[in-house]
Amino acid sequence: MKIAATLALFATPAAAFLAKAPVAKQNVAPLAFSIDTIPGAIAPTGLFDPLGFAEKADEATLKRYREAELTHGRVAMLASVGFLVGEAVESKTFIFNGEITGPAITHLSQVNPTFWLILGVGIARAELDRAEIGWVEPENVPVDKPGLLRDDYIPGNIGF
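Residues numbered from 1 in each chain as written. Predicted model: local features only at pLDDT ≥ 70, side-chain atom pairs only at ≥ 80, totals over all residues. Heavy atoms only, no water.

Asks: How would you explain the packing of aromatic side chains if you had to name every residue and give the values?
Replies: For any pair of aromatic rings, geometry is given as the distance between the ring centres together with the angle between the planes. Under the defined criterion, the tally for this structure stands at two aromatic pairs. On the numbers, 6.4 Å between centres and 70° between planes, the contact of F53 with Y65 is edge-to-face. One end of the pair, F53, is in helix α2 (residues 53-56); the other, Y65, is in helix α3 (residues 59-88), with twelve residues separating them in the sequence. For F53, a relative accessible area of 45% translates into the label partly exposed. Ring geometry for F115 versus W116: centroids 5.4 Å apart, planes at 70°, classification edge-to-face. Accessibility expressed as a relative area gives 30% for F115, which makes it partly exposed. (Phe/Tyr/Trp six-rings, centres within 6.5 Å; stacked < 30°, edge-to-face > 60°. Helix = DSSP H or I, 4+ residues; strand = E, 2+ residues; numbered from the N terminus. Buried < 20%, exposed > 50% of the residue type's maximum accessible area, 1.4 Å probe, protein only.)

Asks: Explain helix α4 (residues 113-134) to me, using residue names and the numbers behind them.
Replies: Taking 1.5 Å of rise per residue, 22 residues should cover 32 Å, and α4 covers 32 Å from first to last C-alpha, within 8% of that figure. Here α4 starts with a cap whose side-chain oxygen sits 3.0 Å from the backbone nitrogen of T114, and that cap is N112. (Expected span 1.5 Å × (residues − 1). Polar contact = N/O pair within 3.5 Å; in protein donor to acceptor, adjacent residues only side chain to side chain.)

Asks: Would you mind going over the pattern of salt bridges in detail, with residue names and values included?
Replies: What the rule picks out here adds up to six salt bridges. Between E69 and R66 there is a salt bridge, with the nearest N and O atoms lying 3.0 Å from each other. In this pair, E69 and R66 are both assigned in helix α3, three residues apart and thus about one turn of the helix distant. One salt bridge connects R130 with E67, and the closest N-O pair in it is separated by 2.7 Å. Remark: E67 occurs in helix α3 and R130 occurs in helix α4; sequence separation between them is 63 residues. With relative accessibility at 14%, the residue R130 sits in the buried group. Residues joined by salt bridges that share partners form a network here, namely E67, E127 and R130. (Salt bridge = Lys/Arg side-chain N within 4 Å of Asp/Glu carboxyl O.)

Structure follows, in structure tokens:
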């Protein structure tokens, strides 16, 4: 078993140096919007929607759902990393001068209020940038379509 795993590890990097067959360029028209082509729908499973929200949603609503899903997922990932980093670097960081101690679950109440102000301003700036990239200006949105995303905007694609 160990030998097979070792051979597989050594064989994998070699594939990077093999020449690939040239692919002819084709002029492909942009795909029309479809539940199956929205970013995040992958080939073997398609769109993962166990509760059936996508069946009842039109294109604009589904794009807003995807935007919210990606945003909340990114926040959750950053929070998880922050929690783990807080455990790993307890009182070993220059940011808080070693004032933060104990388990990570108690760190929030120990943080200086100035940090929260700086964090709030940073989050507000990031949200404003995201709104400018993805959403139509409020004065150009019909009253019955609040939160309208730009037609050429791909949910979650904020340029980095």
